[in-house]
Amino acid sequence: MGIDRSPNSAADLVWDLDQFPWPLESDRFSRVFMSHIVEHFEDAMKAMSEVHRVCKNGADVFLVTPHFSSHNSFSDPTHRRHMAVSSFDYFTGKDFASFVGSSVSFDIVESRLTFGGNFLLDNAGRLISSASMRWYERHAAWIFPAWDIHCHLRVRK
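Residues numbered from 1 in each chain as written. Predicted model: local features only at pLDDT ≥ 70, side-chain atom pairs only at ≥ 80, totals over all residues. Heavy atoms only, no water.

Caption draft 1: Spotlight on the pattern of salt bridges. Applying the stated rule across the entire model yields five salt bridges. Its salt-bridge partner being aspartate 27, residue lysine 157 comes within 2.4 Å of it at the nearest N-O pair. Taken together, the residues lysine 157 in the segment after strand S6 (148-156) and aspartate 27 in the loop between strand S2 (13-14) and strand S3 (29-35) connect sequence positions 130 residues apart. Its salt-bridge partner being aspartate 107, residue arginine 156 comes within 2.8 Å of it at the nearest N-O pair. Of this pair, arginine 156 sits in strand S6 while aspartate 107 sits in strand S5 (residues 105-114), placing them 49 residues apart in sequence. Among the residues examined, aspartate 107 registers a relative accessible area of 34% and is labelled partly exposed. (Salt bridge = Lys/Arg side-chain N within 4 Å of Asp/Glu carboxyl O. Helix = DSSP H or I, 4+ residues; strand = E, 2+ residues; numbered from the N terminus. Buried < 20%, exposed > 50% of the residue type's maximum accessible area, 1.4 Å probe, protein only.)

Caption draft 2: View of helix H1 (residues 44-54). Taken together, the buried positions of H1 are occupied by Ala44, Ala47, Met48, Glu50, Val51, His52 and Val54. Along its buried surface, H1 packs onto S3, strand S4 (55-66), S5 and S6. The N-capping residue of H1, defined by a side-chain oxygen 3.2 Å from the backbone nitrogen of methionine 45, is aspartate 43. (Contact = heavy atoms within 4.5 Å. Polar contact = N/O pair within 3.5 Å; in protein donor to acceptor, adjacent residues only side chain to side chain.)

The structure is reproduced here in structure tokens:
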């Protein structure tokens, strides 16, 4: 089922996903694919709560979003947030020193970055991020920028 807010799209449902609740039944979906949308949400935490609501327990949720180091993250003026791989930790429901965990929980199955076609620079970024994503994002992302984050979450109810 495709959802888009544009009435000119070929989507099955025309709906602005910043309007809550979504007109979808709870526990309906076993797989959700969200490509280049999470960076557009007015309230990403509320939107992810809706994703959690409409998914069955154990559902797979696949997200793709520009990495904060990507020029694509900043070139679109409709992007409301710039995300890191560690941004998805906030959807696990776990508490952090400065954050009380979300009311819904996802397990992170896999997170990875994609890079462009520059052999030397992109392979350096791949190598560093695969060795330590945390170190890459803190120290090397602006030198060896990534393109996109691919995150696979699993709904936990």
